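For reference, the chains in residue letters:
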Amino acid sequence: MSKKLKFHKIYDENYPKVIRLCLGYLSGNEALAQDMAQEVFIKVWQYLEDFRGESNISTWIYRITVNTCLQELRKKKNKTLKIEIASDQTSEDTEIENQFASMYRCIDKLSAENKSIILLELEGLPQKEIAEVIGIKHSAVRTRIHRIKDQLSKCVKNE
């Protein structure tokens, strides 16, 4: 299979996961998340031939996504990212958007590593794979996820 065809297959299979992960890191800012997803796939294209296959391709792409988003957050550390809510939404849509915004604000308060863990968990990545992406033991991931969920619940209730 040519590099181009292989890349298209990888892109089609992984783009939805990458964009959701970027949205999580970037507080729901869709335009910036799309830019970051584009950056991720530029890197995937550039380094595809270097991928050794020691892990799943999706794990490798998650790692690129996490690193790309963390780099962006470091650059924009002092800027506040906001979610735009369209004025023509129904009150129910607005309430849902407000709940998501609240959750993103709480996720933003987490350490970089805990943010990575919970966003990968929310993405549905198996905990063993999260441990591989983050570089910690599986048992530590299980414990951290429990603590992070408690922390997020308390944060959302206090907002």
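All values reported here derive from a predicted model rather than from experimental measurement.

Draft legend 1. Expanded view of helix α7 (residues 138-158). With 21 residues, α7 should cover 30 Å at 1.5 Å per step; its first-to-last C-alpha distance of 30 Å lies within 8% of that length. Turning to α7, its buried residues number three or more, namely Val141, Ile145, Ile148, Leu152 and Cys155. Take α7 and look down its axis: the buried residues cluster within an arc of 100°, on one side only. Residues His146, Arg147, Lys154, Lys157 and Asn158 are exposed on α7 and point more than 90 degrees away from its buried face.

Draft legend 2. Seen up close, the packing of helix α5 (residues 112-122) against α7. Contact pair α5 / α7: the axes reach a minimum separation of 10 Å and the direction vectors enclose 95°. Here α7 runs roughly perpendicular to α5, going by the angle between their axes. Along its contact with α5, which presents Glu113, Asn114, Ile117, Ile118 and Glu121, the element α7 presents Arg144, Ile145, Ile148, Lys149 and Leu152.

Draft legend 3. Seen up close, the packing of aromatic side chains. In the structure shown here, the tally under the stated rule is 7 aromatic pairs. Judged by centre distance (4.8 Å) and plane angle (65°), the ring pair of Tyr11 and Phe41 falls under edge-to-face. With a gap of 30 residues between them, Tyr11 in helix α1 (residues 3-25) and Phe41 in helix α2 (residues 30-47) connect regions that are remote in the sequence. Residue class for Phe41 comes out buried when judged on its relative accessible area of 4%. Taken together, the ring pairs in this structure connect Phe7, Tyr11, Tyr15, Phe41 and Trp45 into an aromatic cluster. One Lys or Arg, Lys3, reaches over the ring of Trp45 and ends 4.2 Å from the middle of that ring.

Draft legend 4. Fine view of the pattern of salt bridges. Taken as a whole and judged by the stated rule, the model has 6 salt bridges. Salt-bridge contacts for Glu13 lead to Lys9; the nearest nitrogen and oxygen are separated by 2.9 Å. With Glu13 and Lys9 both in helix α1 and 4 residues apart, the pair spans about one turn of that helix. Its relative accessible area of 42% is what places Glu13 among the partly exposed residues. The partner of Asp108 in a salt bridge is Lys115, and the shortest N-O contact between them spans 2.9 Å. Exposure remark for Asp108: the relative accessible area of 32% places this residue in the partly exposed category.

Draft legend 5. Fine view of the state of the cysteines. Applying the stated criterion across every chain yields a total of 1 disulfide. Each sulfur in the disulfide pair Cys106 and Cys155 lies 2.1 Å from the other. With the S-S bond torsion at -85°, the cross-link from Cys106 to Cys155 turns out left-handed. With a gap of 49 residues between them, Cys106 in helix α4 (residues 91-108) and Cys155 in helix α7 connect regions that are remote in the sequence. Considered together, Cys106 and Cys155 belong to a single accessibility category, that of buried residues. Left unpaired, Cys22 is separated from the closest cysteine sulfur, that of Cys69, by 3.6 Å.

Each value, and the rule that gives it
- Residues numbered from 1 in each chain as written.
- Predicted model: local features only at pLDDT ≥ 70, side-chain atom pairs only at ≥ 80, totals over all residues.
- Heavy atoms only, no water.
- Helix = DSSP H or I, 4+ residues; strand = E, 2+ residues; numbered from the N terminus.
- Expected span 1.5 Å × (residues − 1).
- Buried < 20%, exposed > 50% of the residue type's maximum accessible area, 1.4 Å probe, protein only.
- Arc of directions from axis to C-beta.
- Axes fitted to C-alpha atoms, helices over the stretch in contact; angles between N-to-C directions.
- Parallel < 35°, antiparallel > 145°, perpendicular 65-115°, else oblique.
- Contact = heavy atoms within 4.5 Å.
- Phe/Tyr/Trp six-rings, centres within 6.5 Å; stacked < 30°, edge-to-face > 60°.
- Lys NZ or Arg CZ within 6 Å of the ring centre and 35° of its normal.
- Salt bridge = Lys/Arg side-chain N within 4 Å of Asp/Glu carboxyl O.
- Disulfide = S-S within 2.5 Å.

Everything listed is a geometric property; what it means functionally is a separate question.
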